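In case you want the letters, here they are:
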Amino acid sequence: MERRNSLGGKSEIITQKIGIRADANDTIATGHIMRCITIARQLISAGCEVIFFTADEYGGKLLAQADMPYVCLHTEWNHMEAETETLCEELVKANCQKLLVDSYYVTEKYFQTLSHLCQLIYIDDCFENIYPVDMLINYNAYHIRFPYQETYAGRTRLLLGTQYVPLREEFGDAACTNDVLHNNNGAQTAAGTHILLSSGGGDPCNALVGIMETVTQDETFKDVTFDVVVGRFNRYEEELKRLANIHPNICLHEYVAHMAQLMSGCTAAVSAAGTTLFELCATQTPTVFFASADNQQYDHEFFSQEERMLYAGDIRENRVQCLHDICSGLKRIISDEALRDKMKRKLYEVTDGRGAYRIAEEIIRLN
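Residues numbered from 1 in each chain as written. Predicted model: local features only at pLDDT ≥ 70, side-chain atom pairs only at ≥ 80, totals over all residues. Heavy atoms only, no water.

K.L.:
Quick one: what's the story with the state of the cysteines, residue by residue and with numbers?
P.N.:
Going through the model one piece at a time under the given rule, you end up with zero disulfides. Looking at Cys266, it has no disulfide partner, and the nearest cysteine sulfur is the one in Cys251, 9.9 Å off. With no disulfide of its own, Cys322 has Cys205 as its nearest cysteine by sulfur position, at a separation of 9.1 Å. (Disulfide = S-S within 2.5 Å.)

Below, the structure written as structure tokens:
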């Protein structure tokens, strides 16, 4: 989208230049930078110019793969106040009018320093502080726990709720396809039963290895194929490969290009909480989920409501019990067709997959 100003009877086209500040590594889930890439694609489709800024080169690999221009600041991702001088120089150089920030390591001072250069947009999952920003986004259903309206009313544009979930276009297509709801995720397909396992880009709790070790010891799953998504920053990849070599029903997937298609072909899924749960909603894949990070602490309130998904607990608090509950939940899902149908209907109601488009539209309108 372009802004048009009439000056002296002539129409001038002004292209918005928007910066995005995000990171990804073996500590920060890749979902952060991936959701920003999704928003960036919508901004670019609307005629904007986008440039990313990262602390280090870890996130650069993902950005290069997505053909997104970026500048590496060569700073510390968990000490963001120290980068402001460098970032300000780069924002001026790139002539950015707006900056979208996605990090838990921002501070009030960080935003105050940047505010004289451009308009600021912040993706806030936790409401841990009040920030001087022009727009704030929390697409999680649990945003209602926090007093956003009372706190930011009159000074900050708020984008709140699941209509703003920034899923990739493939998930919007999946959510809009009626036969996905009726025909996918059957208990038995021509290829047998498939279960997706996902734990983010880094899997800091080594959840995938634990899940695989647990389910492969259970006779219930001896004829089930486990499609295991190995994140780019998973430090336990060698252990995963060792288990896959031992158990022929384990299939590892790296650098997945068509995640919606992979999810749609599965009877059920196990996933860490986070944006992936919304992707599973879009594909109507019955899911057992667990928490593995502080920012996931409220996800279970929404996703486990009325058994929309089955919650197995926080793997950091009681690993053994969590793995047991994951296994039990999967048994329920694959053996109970009525439960699967109920879960699919409830998942279908959560998102239409067009959140990134809505966010991009609001960013462009911000003035």
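Still more ground to cover, so stick around.
K.L.:
How would you summarise helix α3 (residues 84–94) if you had to cite specific residues and measurements?
P.N.:
The set of residues buried in α3 consists of Thr84, Leu87, Cys88, Glu90 and Leu91. All buried residues of α3 lie within an arc of 165° about the axis, which places them on one face of the element. Away from its buried face, by an angle of more than 90 degrees, α3 presents the exposed residues Glu85, Val92 and Lys93. At its buried positions, α3 is contacted by β3 (17–22), β4 (49–54), β5 (70–72), β6 (98–102) and α4 (108–114). Following α3 by one or two positions, Asn95 has its phi on the positive side, about 60°. (Buried < 20%, exposed > 50% of the residue type's maximum accessible area, 1.4 Å probe, protein only. Helix = DSSP H or I, 4+ residues; strand = E, 2+ residues; numbered from the N terminus. Arc of directions from axis to C-beta. Contact = heavy atoms within 4.5 Å.)

K.L.:
Describe the sheet that holds β3, and please don't skip the residues or the numbers.
P.N.:
If you walk across this open sheet you meet the seven strands as β5-β4-β3-β6-β7-β8-β9, and the pairing is parallel. The open sheet is flanked by β5 and β9 (157–160), the only strands paired with a single partner. Taken over all neighbouring pairs, the strand axes of this sheet differ in orientation by 20° on average, direction set aside. In this sheet, strand β7 (residues 119–123) lies alongside β6 in parallel orientation, the contact comprising four bridges. Residue pairing for β7: Val101 is matched across the bridge by Tyr122. Helix α1 (residues 30–45) rests against β3, β4, β6 and β7 of the sheet, and its axis sits at about 160° to β4. (Pairing = 2+ DSSP bridges. Axes fitted to C-alpha atoms, helices over the stretch in contact; angles between N-to-C directions.)

K.L.:
Please give an account of the nonpolar core that cites residues and values.
P.N.:
Judged by nonpolar contacts, the single largest core of 56 residues is most densely connected at Leu43 and Phe52. Setting aside chain neighbours within four positions, we find Leu43 in contact with Ile18, Cys48, Val50, Ala360, Ile363 and Ile364. Ile195, Phe221, Val228 and Leu310 belong to the second largest nonpolar core, which has 36 residues in total. (Core = buried A, V, L, I, M, F, W, Y, C linked by side-chain atoms within 4.5 Å.)

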